[in-house]
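Understanding the architecture of this molecule
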Amino acid sequence: MSTALSVNLNAVAMLRNRRDLPWPSVVDFGRIALRAGAHGLTVHPRPDQRHIRFSDLPELRALIDNEFPAAEFNIEGYPTEDFLALVETVSPEQVTLVPDDPSQPTSDHGWDFAGEGAFLTPIVARLQAGGARVSLFADADPSAMKAAAATGCDRIELYTGPYGGTHADPEAAKAEIERLGATADAALAAGLGVNAGHDLTVANLPALVARIPELAEVSIGHGLTADALEYGMETSVRRFRAACGQG
Ligand SMILES: CC(=O)[C@@H](O)[C@H](O)COP(=O)(O)O
Ligand SMILES: NCC(=O)COP(=O)(O)O
């Protein structure tokens, strides 16, 4: 089984929002990602719309429906009533629920399944009744996976931020991989599928996928967008030099 890649467009949207201009366009970058073979697109709209705007969602839905009908739309966020209503207007194939406070700069922890299971269970059922697969953001903690499964969710998404943070420390990276791997083992044993995301890169993905061969999907935004800038910069400088009239 190979791991599907869902490209998170939050970083593209954040760049767009620096100006009152329509570029870079999240729809155009979504199209490039899907044309290049990405399995799906991920967005994580936050209440302040600092990157993905609510108006982006129907446009991305239309992109998938009209041009890439086999692709999946994954919407992530904290399940307020506003978020759930927004999600229900665009019928994503997957919803990933994340326990984010609106003031958080980015996601930095998973659900407390023992404490918040009763809150999550009816929300999971409501989203599934609408046709979505539901994934819950989870810390690396094998002992929490039975409680995660008790919510009725389909998958967990392993929070890989602490693993991403070990990029300069191979021993710490090994320890994080083992914690993530043990959590994936427990999730699979509890009947759940396993996704992963946060601070994944070309450099740190291979070891994760090797430890968790059943990993169904990774969603990647920040590292992939940084990579795209690095590997696209040379071509862009040449294009702009040509526009300046240089030979
Ligand atoms: C749940 C998760 O790890 C990602 O959705 C991440 O939170 C992206 O959000 P930002 O782009 O706002 O950092
Ligand atoms: N679910 C994680 C995600 O969508 C992207 O996280 P990141 O690659 O931007 O850190």
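A quick note: this is a predicted structure, and the numbers were derived from the prediction, not measured.

Attention shifts here to the UniProt feature "binding site: 1-deoxy-D-xylulose 5-phosphate" (unreviewed entry) in the chain. As annotated by UniProt and renumbered to match this structure, "binding site: 1-deoxy-D-xylulose 5-phosphate" (unreviewed entry) occupies Arg46, His51 and Thr106. Considering the C-alpha atoms alone, the annotated residues occupy 61 residues of sequence yet fold into one spot, their largest mutual distance being 11.4 Å. Secondary-structure assignment places Arg46 in the loop between β2 (40–43) and α3 (56–67). For Arg46, a count of 20 C-beta atoms within 10 Å gives the class buried. By secondary structure assignment, the location of His51 is in the loop between β2 and α3. Once residues lying within four places of it in the same chain are set aside, the contact partners of His51 are Asn10, Ala13, Met14 and Asn17.

Right, let's get into the pairing of strand β3 (residues 72–77). Extensive coverage of β3 is indicated by the burial of 5 of its 6 residues. By the bridge criterion, 4 bridges tie β2 to β3 in an arrangement that is parallel. Looking at the pairing, Thr42 lines up with Asn74 of β3. Taking the sense of rotation as the criterion, the β-α-β connection linking β2, α3 and β3 turns out right-handed. Pairing of β3 with strand β4 (residues 94–97) involves 4 bridges; the strand directions are parallel. If you follow Gly77 over to β4, its bridge partner there is Leu97. As a crossover connection, the stretch from β3 through helix α4 (residues 81–90) into β4 is right-handed.

Ligand 2 sits among 13 residues. The nearest are Asn8, Gly197, Ser219, Gly221 and His222. Elements with a minimum of two residues in the shell around ligand 2: β8 (217–220) and α10 (222–243). Residue composition of the shell around ligand 2, by class: 2 nonpolar, 8 polar and 3 charged.

Our focus in this paragraph is the site of ligand 1. The environment of ligand 1 is formed by Asn10, His44, Arg46, Glu76, Val98, Thr106, Ser107, Phe137, Gly197, His198 and Gly221. Class assignment of the residues belonging to the shell around ligand 1 gives a composition of 2 nonpolar, 7 polar and 2 charged.

A word on the packing of helix α2 (residues 26–35) against α3. Here α2 crosses α3 at 35 degrees, and the two axes come no closer than 10 Å. Every pair of crossing elements has a handedness; the one defined by α2 and α3 is right-handed. Residues Val26, Val27, Gly30 and Arg31 of α2 form the contact with α3, whose participating residues are Asp56, Glu59, Leu60, Leu63 and Glu67. Here the residues of the contact of α2 with α3 are counted per class, giving 4 nonpolar, 1 polar and 4 charged.

Moving on, we get to the sheet that holds β3. Taken together, the 8 strands give a closed barrel; going around it, the order is β1-β2-β3-β4-β5-β6-β7-β8, and neighbouring strands pair in parallel fashion. Averaged over all pairs of adjacent strands, the angle between their axes in this sheet comes to 25 degrees, without regard to strand direction.

A word on unusual backbone geometry. For residues besides glycine, phi is generally negative; the peptide bonds are generally trans as well. For the bond running from Trp23 to Pro24, omega is -5 degrees, close enough to zero to count as cis. One non-glycine residue, Gln49, lies in the positive phi region at around 55 degrees. Structurally, the position occupied by Gln49 is in the loop between β2 and α3. The phi dihedral of Ser91 falls on the positive side, at around 40 degrees, and the residue is not glycine. On the secondary structure map, Ser91 appears in the loop between α4 and β4.

What follows concerns α3. With 12 residues, α3 should reach 16 Å at 1.5 Å per residue; the first-to-last C-alpha distance of 16 Å fits that figure. Every buried residue of α3 is listed here: Asp56, Leu57, Leu60 and Ile64. Along the long axis of α3, the arc covered by the buried residues comes to 100 degrees, so they all point the same way. Along α3, the residues that are exposed and aim more than 90 degrees away from the buried face are Pro58, Ala62 and Asn66. Where α3 is buried, its residues meet α1 (10–16), α2, β2, β3 and α4.

What counts and how
Residues numbered from 1 in each chain as written. Chains lettered and ligands numbered in written order. Predicted model: local features only at pLDDT ≥ 70, side-chain atom pairs only at ≥ 80, totals over all residues. UniProt positions renumbered as here; feature names shortened; annotations may be inferred. Helix = DSSP H or I, 4+ residues; strand = E, 2+ residues; numbered from the N terminus. Buried ≥ 20, exposed ≤ 12 C-beta atoms within 10 Å, placed from the backbone. Contact = placed C-beta atoms within 7 Å. Pairing = 2+ DSSP bridges. Right-handed = clockwise from strand over helix to strand, strands pointing away. Near = placed C-beta within 6 Å. Nonpolar A, V, L, I, M, F, W, Y, C, P; charged D, E, K, R; others polar. Axes fitted to C-alpha atoms, helices over the stretch in contact; angles between N-to-C directions. Left-handed = near helix turned anticlockwise from the far one by under 90°. Expected span 1.5 Å × (residues − 1). Arc of directions from axis to C-beta.

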